[in-house]
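# Geometric and topological summary
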Amino acid sequence: SKEVVNILKNNLIAGIVLLDITESNNDFKQIISHYPIVQIGNPLLDTTDKYIVSADDRKIAYDVVSHLIETGKKRIAIISAETEGRFVHFEKERERGYMDALRDNNLPSDDSLKFHVDFTMDGGSDATKKILALENRPDAIFCISDSLAVGCIYRLKRAGISIPDEISVAGIDNSEITEFFDPPITTVDQYFKEIGSETIKMLISLINGELSRGRKIYIEHQLIIRKATQKDN
């Protein structure tokens, strides 16, 4: 935004932490490129030496979908988000992880089971309404975020669907609601505190001139299995 550009032009800033966003403003990119920068998630700047701290979104999705397959599910839908303008775009990597897991388990990819909606609970609910209208319903739904998963389960319950017997549901983010929702939602803890901590450590080292070559650090994640995908939990 213009406000951010003005701040960067008129203030002495030691360094920048750049979140996983899509930004097409070349003036913005040019201005921030003069500062020490550590990027969280997908790199915005195409520089020779990139300093990045990230969760491995592709592997996260792979692990979730692999878990669904291990529980006996074979027809797995995905509810993802639309990439547009300045939106974050980690959803692309999560979709790739979904596809990788299907391929590695010799399951077909079915375009009729891929849904792109607003990144909200309502979006998850709307996509699930379309899923329920399918002649050949899936036996599991992978939502690329917990907010989508909450909307998904809300719609399934309203339709009288047994979860996980008829349809399993999993999300990502380990939002607080996932533990207390009915049923509790299988999800992934990405350890955001660790991502933040490692980002600041790297930025301080970069500001102090202790780093001379780019690097990328992946923070490990944890799959948290709950009743939405596994009855005995």
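A few points on the structure. As the structure is a prediction and not an experimental result, all values here were calculated from the model.

So, how was this worked out
- Residues numbered from 1 in each chain as written.
- Predicted model: local features only at pLDDT ≥ 70, side-chain atom pairs only at ≥ 80, totals over all residues.
- Heavy atoms only, no water.
- Pairing = 2+ DSSP bridges.
- Helix = DSSP H or I, 4+ residues; strand = E, 2+ residues; numbered from the N terminus.
- Axes fitted to C-alpha atoms, helices over the stretch in contact; angles between N-to-C directions.
- Contact = heavy atoms within 4.5 Å.
- Patch = residues over 30% accessible without salt bridge, like charges linked within 9 Å, V, L, I, M, F, W, Y side chains within 5 Å.
- Areas by Shrake-Rupley, 256 points an atom, 1.4 Å probe, with all protein chains shown as cover.
- Salt bridge = Lys/Arg side-chain N within 4 Å of Asp/Glu carboxyl O.
- Lys, Arg positive; Asp, Glu negative; His and termini not counted.
- Charge placed at Lys NZ, Arg CZ, Asp CG, Glu CD.
- Buried < 20%, exposed > 50% of the residue type's maximum accessible area, 1.4 Å probe, protein only.
- Polar contact = N/O pair within 3.5 Å; in protein donor to acceptor, adjacent residues only side chain to side chain.

### A word on the sheet that holds strand β7 (residues 168-170)
- Within the open sheet, the four strands sit side by side as β5-β4-β6-β7. Their pairing is parallel. Sheet topology places β5 (114-117) and β7 at the edges, where each strand pairs with a single neighbour. Strand-to-strand twist in this sheet, taken as the mean axis angle between neighbours without regard to direction, amounts to 20°.
- Along the sheet, helix α4 (residues 91-104) makes contact with β4 (76-81), β5 and β6 (140-143), crossing β4 at roughly 170°.

### Quick word on a negative patch on the surface
- A surface patch of negative charge is lined by Glu82, Asp118, Asp122 and Asp126.
- Inspection of the secondary structure puts Glu82 in the loop between β4 and α4.

### Here's the deal with the side chain of Arg94
- Inspection of the secondary structure assignment puts Arg94 in helix α4.
- For Arg94, a relative accessible area of 2% puts it in the buried group.
- Here the side chain of Arg94 touches Asp57 through a polar contact of 2.9 Å, side chain to side chain.
- Within the local environment of Arg94, its side chain forms a polar contact with the backbone oxygen of Ile144, the two atoms lying 2.6 Å apart.
- Contact partners of Arg94, with chain neighbours within four places excluded, come to Asp57, Ala61, Phe142, Ile144, Ile172, Asp173 and Gln190.

Everything listed here is a matter of coordinates, which is why it stays silent on function.
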